[in-house]
Amino acid sequence: IRKSMGFGRVVGFVIRTPRKRDYLMIMGFDRAENVSPDVRRFLDMVATRFGLAIDRMALRRELAERGMELERHAAELEVMAKLHNIMISSDDGAGVLRKMFGDIRRCMGASGLAVFRIAENAEYADLVDCIGLTERLVRVFVRVPLKGTALGAMARGFAQNYGNVL
C-alpha cells in the first residue's frame, strides 16, 4: 500500500466506534521514519475522535431518514383522513368513489386508477369505475379475463403486483 500510495511510511489503525462498528484508517507520511510510541498514543486518541464523528454522522443520517419517514407517514394519515371524510360526507356512492379516486391519485401521483368487481369463481373482472383512463382503455377494460393474467393472480390473493398488470 505504501509504495502504491506514494508514501514513505503508512500507518493503519482500527477505529472502533461506540456503536460497535469497525473502520480502518490509513495515514500516509512522506518520511519513512518509525512512528514513536507518543505518536501512536496520539493516533489512538485521534482514532477515538474519528469513531465518535463517524457514529455522529451515522446518527444524523438515521435521524434525517426517520424525519422523512415521519413526514411520509403524516402525509399518509392526512390522505386517510381525507378519504374517511369523503366516505362519511355523502350518500352518493359514485360521487364518493370519484372524490376518493381523485385524492388517492393526487397523493400517489398516479395517472389512472380503476376498480374491478370480482365475483367468487368468476372468469372475468368487471370494471366498476375508473378515473384517468382514455375512452379506448375503458372499453378494453370493461370486462377483463382473469385466467392466466396478473389481475387474476392478484384477485386470488397469490401476489401483489406493483408492475404491469395488464
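Every chain is numbered on its own, with residues counted from 1 as its sequence reads. Totals for whole chains, interfaces and linings use every residue, but because this is a predicted model, local features are given only for residues with pLDDT of at least 70 and side-chain atom pairs only at 80 or more, for both listing and counting. To get the side-chain values, take all heavy atoms of the structure and skip hydrogens and water.

Re the pattern of salt bridges
Next, step 1: Here, a salt bridge means any side-chain nitrogen of Lys or Arg that lies within 4 Å of a carboxyl oxygen of Asp or Glu. Enumeration according to the criterion identifies two salt bridges in this entry.
Next, step 2: Linking Arg41 and Asp38 is a salt bridge whose minimum nitrogen-to-oxygen distance equals 2.0 Å. With a gap of three residues between them, Arg41 and Asp38 both fall in helix 2 (residues 37–89), about one helical turn apart.
Next, step 3: Taking relative accessible area as the criterion, Arg41 reaches 49% and is therefore assigned partly exposed.
Next, step 4: Note that Asp126 is salt-bridged to Arg143, the shortest N-O span being 2.8 Å. Placement of the pair is Asp126 in strand 4 (residues 124–131) and Arg143 in strand 5 (residues 143–145), with a sequence separation of 17 residues.
Next, step 5: Exposure categories follow from relative accessible area, calculated using a 1.4 Å probe and restricted to protein chains: below 20% of the type maximum is buried, above 50% is exposed, and the middle band is partly exposed. Overall, Asp126 belongs to the partly exposed group, its relative accessible area being 25%. Starting at the N terminus, helices and strands are each numbered in turn, a helix being any DSSP run of H or I of at least four residues and a strand any DSSP run of E of at least two.

A short note on the nonpolar core
Next, step 1: In this structure, Val11, Phe13, Ile15, Met25, Val35, Leu43, Ala47 and Ile54 together form the largest nonpolar core, which totals eight residues.
Next, step 2: Secondary-structure elements contributing two or more residues to this core are strand 1 (9–16) and helix 2.
Next, step 3: Every residue pair with non-hydrogen atoms within 4.5 Å of one another is taken to be in contact. Ignoring any residue separated from it by four or fewer positions in sequence, one finds Phe13 in contact with Tyr23, Leu24, Met25, Met27, Leu43 and Ala47. In plain words, nonpolar cores are sets of buried Ala, Val, Leu, Ile, Met, Phe, Trp, Tyr and Cys residues tied together by side-chain atoms within 4.5 Å.

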